[in-house]
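# Remarks on the overall topology
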Amino acid sequence: MTALSSYSTGTVAVSADGTVVTGAGPLWSSAGNVKPGDLFQSGHFLATITDVTDDTHLVITPWPGSTISGAAYVVWKVSQQRIVGETYARSVDQLVSAMDTSGFFVFVNVNQTVPDPSLGDDGQYAFQPTTGKTWAKVGGVWYYLGIYKGLQFRGAYDNAATYSYGDVQTTSGSSYIYTNATPSAGHAAPNVTYWQLLAGVGATGSTGPSPLLPIAAWMTATAYVVGPPASFVSSGGSSYMCLVPHTAGTFATDLAAGKWGLVAQKGAGDLSSANNLSDVASAATAATNIGVVRYAGAQSLSSSQKQQAQSNVGVRKVLTANATYEVNGATGNDANDGLTTGTAFATPQKAMDVIAALDCSTFDVMVNVANSTYGALVLKSYLGSGAVTFQGNNATPSNVVISNSSGVAISTTAVGGRFTISGARVQSSVAQDVAVSSATSVTLQNMEYNGSSANFRIYANSGGLLTCAGANHKVLTGGIGLFLVGDGAAKLTTSSSTFTFGANVTYSGATFTARRFGYCECPSMTFTLGGFTVTGQRHALAQCSGTAGAGVATFFPGTVGGTTDATSFFG
């Protein structure tokens, strides 16, 4: 006797009297493993499955047992939908209903020229998909209706290409549609056997007469006309247009008689004259107006001019004291110098680019970032031993958003450098929220992590040193995991840090992952769930990686125990 068929891969969670079952590891909807009408059992309690939402979610009648999580289960395959006859009967009923209401086409094979006369009923249509030809049956005879096929725009004509009915191509600016029932190649338009003009190119219009003749020096005893085109002459450095037809005598006399109209008047003090602009009231003002730098006389440069001059000659600005830059997404402009709130930059990236061009010497740089939403921030190397801090809103980090929809929100290309990022919400929809690499040191304080992708929120690799300091770290979304440390001797340090969860979070990987010589120091790290849950593996250590200060196996939050391979240590 054959045993009753069942399915029990993975574990489940369901609330008392709940109707939604959440699985970890099963494939419920794939390949029909579970169907509505099957029975769901865990322990001594049974419920009927009313819907299969996806591979990891079921809808059941109210669960009669107590709340369970991570529990074993079995699905008994007893649904009526598993009875082959019932399924086929339903499909046949749907097909017959469609035929009774809308009819159906007799399809004509590619190797046929007309429909089979024995097929179809009066009022029915036949259709050949390869050509678009359509027939209707009237009085038991198939009548050809024509070709019904959408236009296919093929671009410029290609003599080697095969064209079919409804194809559209362009030749010499005109558009043609292929109208022959037989596909072919090598028949260029306007061959009327194959092509019909769809839209013809228009004739080139006349450019019309020029309003003025080419300019020429005025000469006496010359016949001038009003045109069009009109005579156009120069005299004494000014230009004139003829207003009255005449033969030139004396220019001053003709001008006084109204025979010429002034077009462009010569100005005083042009560069070709003897005075060489010596008639201007203020040489310094004139130089400022036309944007040139004078090297004679007293003239001071603005901050932007100094920066430009240093850039032009390849000299870095050297700090002699700690520096501060301002960023404001609402009122700033990246063309500003960023030195005051009134001349703030528009983006943190502009501030970083300016700092990267400095010689910071031993001095620190502070970047004050005002409330706004900003694009991605790439931390770059800079010259000097000082530290660079990007400070947002420490009281309300969610007011300063650093977001990237196409990559990492905060990343590094620096080799060396010490950075602090504080008081901001970081979020990436496709990658990590923060990724530190290339021997760069980054400290995070008062941060919110709100990325929506299936990825790690915080990532250190390739020798990157990442420090999470302070008690105000908030986790709002899941992904693959919260931390990934590895890929080349990367290190994560937590300095009395607390991570508070502001939502239920699910990790498809592990809350903490270390691999390929990744290392984490976490003796004073705290996780506060505040009533929320963290679903997923607690930690995963592999390939010569380790932790110090974690202690117990339940140190990192999660619903599945951690793993540590033989080359790694967890302690």
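Read on for a plain summary of the structure.

Rules used in this analysis
- Residues numbered from 1 in each chain as written.
- Predicted model: local features only at pLDDT ≥ 70, side-chain atom pairs only at ≥ 80, totals over all residues.
- Heavy atoms only, no water.
- Helix = DSSP H or I, 4+ residues; strand = E, 2+ residues; numbered from the N terminus.
- Buried < 20%, exposed > 50% of the residue type's maximum accessible area, 1.4 Å probe, protein only.
- Contact = heavy atoms within 4.5 Å.
- Areas by Shrake-Rupley, 256 points an atom, 1.4 Å probe, with all protein chains shown as cover.
- Pairing = 2+ DSSP bridges.
- Salt bridge = Lys/Arg side-chain N within 4 Å of Asp/Glu carboxyl O.
- Phe/Tyr/Trp six-rings, centres within 6.5 Å; stacked < 30°, edge-to-face > 60°.
- Axes fitted to C-alpha atoms, helices over the stretch in contact; angles between N-to-C directions.
- Patch = residues over 30% accessible without salt bridge, like charges linked within 9 Å, V, L, I, M, F, W, Y side chains within 5 Å.
- Core = buried A, V, L, I, M, F, W, Y, C linked by side-chain atoms within 4.5 Å.
- Polar contact = N/O pair within 3.5 Å; in protein donor to acceptor, adjacent residues only side chain to side chain.
- Disulfide = S-S within 2.5 Å.

## Focus: the overall build of the chain
The number of helices and strands found in the chain is 5 helices and 47 strands. The burial tally for the chain puts 37% of its 571 residues in the buried class. Counted over contacts in the chain with a minimum sequence separation of 6, partners at least 24 positions apart contribute 56%. Put simply, the chain shows about 29,100 Å² of open surface, and 56% of that area lies on carbon and sulfur atoms.

## What about the pairing of strand β15 (residues 167-171)?
Alignment of strand β13 (residues 152-156) against β15, held across 3 bridges, turns out to be parallel. If you follow Q152 over to β15, its bridge partner there is D167. Note: β15 against strand β16 (residues 174-178), 4 bridges, orientation antiparallel. Directly across from T171, in β16, lies its bridge partner S174. As consecutive antiparallel partners, β15 and β16 are separated by 2 residues, and within that stretch S172 has a phi angle of approximately 55°, a positive value.

## Concerning the pattern of salt bridges
Taken as a whole, this structure holds 7 salt bridges when the rule is applied. A salt bridge links D433 to R457; the shortest N-O distance between them is 2.7 Å. Note that D433 is positioned in the loop between β32 (418-428) and β33 (434-436) and R457 in strand β35 (residues 456-461), a separation of 24 residues in sequence. By relative accessible area, D433 is classed as buried at 0%. Across the pair K491 and E521 runs a salt bridge, and its minimum N-O distance is 3.5 Å. Placement of K491 in strand β39 (residues 491-495) and of E521 in strand β42 (residues 519-521) is noted, with a sequence separation of 30 residues between them. We classify K491 as partly exposed; its relative accessible area is 28%.

## Things to note about the packing of aromatic side chains
Scanning the model with the defined rule gives 29 aromatic pairs in all. Taking 5.8 Å as the distance between ring centres and 85° as the angle between the ring planes, the aromatic pair formed by W28 and Y73 counts as edge-to-face. With W28 in the loop between β3 (20-24) and β4 (39-42) and Y73 in the loop between β7 (68-71) and β8 (74-76), this residue pair connects regions lying 45 residues apart in the sequence. The two residues W28 and Y73 agree in class, both being buried. A connected cluster of aromatic rings, assembled from ring pairs, spans Y449, F483, F499, F512, F527, F555, F556 and F570.

## Re the sheet that holds strand β18 (residues 195-199)
Read across the open sheet, the 4 strands follow the order β13-β15-β16-β18; overall the sheet is mixed. Of all strands in the sheet, those with a lone pairing partner are β13 and β18, marking the two edges. Each strand of the sheet is rotated relative to its neighbour by a mean of 30°, with strand direction disregarded.

## Focus on a nonpolar patch on the surface
Taken together, F105, F107, Y125, L145 and Y148 make up a surface patch of nonpolar side chains, about 560 Å² in accessible area. Relative to the elements of secondary structure, F107 occurs in strand β9 (residues 106-107).

## Here's the deal with the pairing of β32
Among the 11 residues that make up β32, 9 are buried, leaving the element largely enclosed by the rest of the structure. Sheet topology places strand β29 (residues 388-391) next to β32; 4 bridges connect them, and they run parallel. Counted as the bridge partner of V388 is F419 from β32.

## A look at helix α5 (residues 348-356)
Across the 9 residues of α5, 7 count as buried, placing the element largely inside the fold. Of the residues making up α5, those classed as buried are P348, Q349, A351, M352, V354, I355 and A356. At its buried positions, α5 is contacted by β25 (323-327), β26 (365-369), β27 (372-374), β28 (377-379), β29 and β32.

## Thoughts on the sheet that holds strand β12 (residues 141-147)
Pairing is mixed in the open sheet, where 4 strands are placed in the order β9-β10-β11-β12. Since the sheet does not close on itself, it has two edges, and those belong to β9 and β12, each with one partner. Two strands pair when backbone bridges link them, and β9 and strand β10 (residues 125-128) are joined in this way by 2 bridges, in the parallel orientation. What sits directly across from V106, in β10, is A126.

## With respect to the nonpolar core
Within soluble globular proteins, side chains that are nonpolar tend to cluster in buried spots. Judged by nonpolar contacts, the single largest core of 60 residues is most densely connected at F390, F483 and F499. In this structure, F483 is in contact with F456, I458, C468, L492, F499, T511, F512, T513, M525 and F527, ignoring residues within four places of it in sequence. Ranked by size, the runner-up nonpolar core spans 17 residues in total, among them V34, A47, Y73 and V75.

## Focus: the side chain of S428
You can see S428 is positioned in strand β32. The residues touching S428, leaving out its near neighbours within four places in the chain, are N404, G407, V408, A409, D433, G451, S452, S453 and R457.

## Brief notes about the environment of S568
Relative to the helices and strands, S568 is located in the loop between β46 (563-564) and β47 (569-570). The class of S568 is buried, set by a relative accessible area of 11%. For the pair formed by S568 and S545, sequence separation is 23 residues and the distance between their alpha carbons is 4.8 Å. Once you skip the residues sitting within four places of it in the chain, S568 turns out to touch L541, A542, Q543, C544 and S545. A polar contact of 3.4 Å, which involves the side chain of S568, links it to the backbone nitrogen of C544. A polar atom in the side chain of S568 sits 3.1 Å from the backbone nitrogen of S545.

## Remarks on the side chain of N328
When you line up the elements, N328 lands in the loop between β25 and α5. A distance of 2.9 Å separates a polar side-chain atom of N328 from the backbone nitrogen of A330. In contact with N328, not counting residues within four places along its chain, are A344, F345, A346, A370 and Y374.

## Observations concerning the state of the cysteines
Per the stated rule, a full pass over the model turns up 0 disulfides. With no disulfide of its own, C522 lies 3.9 Å from the sulfur of C520, the closest cysteine sulfur.

## Observations concerning unusual backbone geometry
With an omega dihedral of 5°, the bond running from G227 to P228 counts as a cis peptide bond. The topology assignment puts P228 in the loop between β20 (223-224) and β21 (232-235). Here the residue pair P228 and P229 is connected by a cis peptide bond, since its omega of -5° sits within 30 degrees of zero. Even without glycine at this site, S438 takes up a positive phi of about 60°. For S438, a relative accessible area of 27% gives the class partly exposed. In this model, A439 sits at a positive phi of 55°, which is unusual for a non-glycine residue. A relative accessible area of 49% means that A439 is categorised as partly exposed.

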